[in-house]
Amino acid sequence: MSSVTLQLSEEILDKMKQFYQAEQIKNKNPHACFTAKTAGCTITIYTSKKVLFQGKEAEKESKIWATSGKTTEKRKIELSMQPHGSFFAHIGSDEVGTGDYFGPMTVCATYIDEKAQQALTDFKIQDSKAMTDSYICHIAPKMQKLFPFSLLILPNEKYNHLQKNGYNQGKMKAYLHNQAILHLYKKIHAKKNPPKTIIDQFAKPSTYYQYLADAPYIAKTNVFFETKAENKYLAVACGSILARYAFLQKMKQMNEKWGMDFPKGASHTVDQAATKFIQTHGIENLPLVAKIHFANTEKAKKHLFN
Ligand code: MG
């Protein structure tokens with residue numbers, strides 16, 4: 001079991017107490033003034049202002065707080081992103097799971113207005129790729145209560161079906177983003193007069209609209225594309241977090257259903273897991289858990305039949 005100790009300011013300690021309020025547990029140690037237990041870490045704040053993180057997530061969890069202070073300020077500025085420094089309400093959309101062999105593809109569009117932005121201040125929001133999964137699982141359920149969003153999950157079976165029928169990943173993404181954005185317009189009654197909407201750019205805008213050529217409705221008014229948008233727009237960053245959270249939840253369900261620990265990504269470990277899955281559950285079930293056109297499938301088969 002690993003442990004990390006930090007000495008933190010009163011201000012950060014107050015934030016931590018608020019943050020872990022729901023996970024607070026009793027501690028009889030007279031020198032401990034607050035103790036909380038999350039899925040992978042026990043956090044104890046001592047009267048000396050030292051904080052002890054213990055457990056397999058200790059390092060990750062402590063990192064959230066180790067750099068608080070200045071970093072929070074910097075992130076706030078980056079994510080208020082707004083070209084002239086002042087915040088404006090906007091929609092942002094991002095996707096997750098496109099590079100992972102196992103698990104679904106998820107897309108989430110969120111609408112962040114000034115009130116939501118204020119409420120999000122303490123969450124240290126940034127691109128989901130830069131956040132630990134345990135932190136995402138911790139904050140996402142809380143975030144979901146703060147603003148309207150539309151989340152779409154493309155299960156593996158459907159993904160493989162579309163892929164066989166000529167949809168590349170770009171086209172699937174375009175459909176999901178478009179649908180998530182249209183749902184959200186409906187939710188916030190902004191169909192006729194949509195707020196500025198930013199899609200984390202994965203293709204040239206002309207290609208994006210080509211992908212959508214057969215879509216019955218296309219969100220186009222006030223829609224913009226930007227690369228690395230999750231670092232510039234709060235709504236895109238929030239979209240990436242909620243999409244990642246949905247992805248992680250689905251992976252957890254898959255782990256339980258199939259009795260294995262599906263690795264993320266598309267590395268050699270993933271090939272090995274694919275081989276194990278085929279051995280245990282048969283190749284006919286692989287399309288239910290994986291994006292079978294990835295090279296991992298062939299590698300797993302090779303390993304199996306050699
Ligand atoms: Mg993205």
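This one's a predicted model, so the numbers in the text were calculated from it and none came from an experiment. (Residues numbered from 1 in each chain as written. Predicted model: local features only at pLDDT ≥ 70, side-chain atom pairs only at ≥ 80, totals over all residues. Heavy atoms only, no water.)

Describing unusual backbone geometry
Inference 1: The backbone of His189 shows a phi angle near 55°, a positive value even though the residue is not glycine.
Inference 2: By the element assignment, His189 lies in the loop between helix 7 (169-187) and strand 9 (197-200).
Inference 3: A relative accessible area of 75% places His189 in the exposed class.
Inference 4: Notably, Lys228 is not glycine yet its phi reads approximately 50°, a positive angle.
Inference 5: By the element assignment, Lys228 lies in the loop between strand 10 (223-226) and helix 9 (234-258).
Inference 6: Judged by its relative accessible area of 57%, Lys228 is exposed. (Helix = DSSP H or I, 4+ residues; strand = E, 2+ residues; numbered from the N terminus. Buried < 20%, exposed > 50% of the residue type's maximum accessible area, 1.4 Å probe, protein only.)

Overview of the layout of surface pockets
Inference 1: In this model, the largest pocket occupies a volume close to 600 Å³.
Inference 2: Lining the largest pocket are 21 residues, with Glu57, Asp133, Ser134, Cys137 and Lys252 positioned closest to its centre.
Inference 3: If you list the elements that add at least two residues to the lining of the largest pocket, you get helix 2 (58-66), helix 5 (133-143) and helix 9.
Inference 4: Per element, the largest residue contribution to the lining of the largest pocket is five residues, and it comes from helix 9. (1 Å grid on protein atoms, 1.4 Å probe; cavity = no way out; pocket = protein on both sides within 12 Å on 5 of 7 lines; lining within 4 Å. Points joined across faces, edges and corners; volume = space filled by probe spheres on them.)

Regarding the packing of aromatic side chains
Inference 1: All told, the structure shown has 11 aromatic pairs when counted by the stated rule.
Inference 2: Ring geometry for Phe102 and Phe262: centres 4.8 Å apart, planes at 50°, overall tilted. One end of the pair, Phe102, is in the loop between strand 6 (90-96) and strand 7 (105-112); the other, Phe262, is in the loop between helix 9 and helix 10 (268-281), and 160 residues separate them in sequence.
Inference 3: Residue Phe102 is classed as buried on the basis of its relative accessible area, which comes to 0%.
Inference 4: Relative to Phe225, the ring of Tyr209 lies with its centre 5.9 Å away and its plane at 85°, an arrangement referred to as edge-to-face. In this pair, Tyr209 sits in helix 8 (residues 205-211) while Phe225 sits in strand 10, placing the two residues 16 residues apart along the sequence. (Phe/Tyr/Trp six-rings, centres within 6.5 Å; stacked < 30°, edge-to-face > 60°.)

Looking at the environment of Asn222
Inference 1: Relative to the assigned elements, Asn222 resides in the loop between helix 8 and strand 10.
Inference 2: Sequence-wise, Asn222 and Lys196 are 26 residues apart; in three dimensions their C-alpha atoms are separated by 5.1 Å.
Inference 3: In this structure Asn222 touches Pro194, Pro195, Lys196 and Thr197, once residues within four positions along its chain are discounted. (Contact = heavy atoms within 4.5 Å.)

Focus on the coordination of the magnesium ion
Inference 1: For the magnesium ion, every protein donor is listed as Asp94 (OD) and Asp200 (OD), and the spread of their distances is 2.0 to 2.2 Å. Taken together, the positions of Asp94 in strand 6 and Asp200 in strand 9 put the pair 106 residues apart, joining distant regions of the chain.
Inference 2: Assessed through its relative accessible area of 2%, Asp94 is described here as buried.
Inference 3: Judged by relative accessible area, which is 10%, Asp200 ranks as buried. (Donors = N, O, S within 2.8 Å, 3.2 Å for Na, K, Ca; no water.)

So, the nonpolar core
Inference 1: Met16, Phe102, Ile125 and Met143 are the most contacted members of the largest nonpolar core, which totals 88 residues.
Inference 2: If one sorts the elements of this core by residue count, helix 9 sits on top with 13 residues.
Inference 3: With near-sequence residues (within four places) excluded, Phe102 lies in contact with Phe247, Met251, Met254, Phe262, Pro263, Val270, Ala273, Ala274, Val289, Ala290 and Lys291. (Core = buried A, V, L, I, M, F, W, Y, C linked by side-chain atoms within 4.5 Å.)

Quick notes on the pairing of strand 3 (residues 32-37)
Within a regular beta strand, the side chains point alternately toward one face of the sheet and then the other, so they alternate between its two faces.
Inference 1: Examined bridge by bridge, strand 2 (residues 24-25) and strand 3 share two bridges and lie antiparallel to one another. Across the sheet, the residue bridging to Gln24 is Ala36, located in strand 3.
Inference 2: In this structure, the hairpin formed by strand 2 and strand 3 is closed by a connection of six residues.
Inference 3: Sheet topology places strand 3 next to strand 4 (residues 42-46); five bridges connect them, and they run antiparallel. Residue pairing in the sheet places Phe34 in a bridge with Ile45 of strand 4.
Inference 4: Here strand 3 folds back onto strand 4, and the loop between the two strands holds four residues. (Pairing = 2+ DSSP bridges.)

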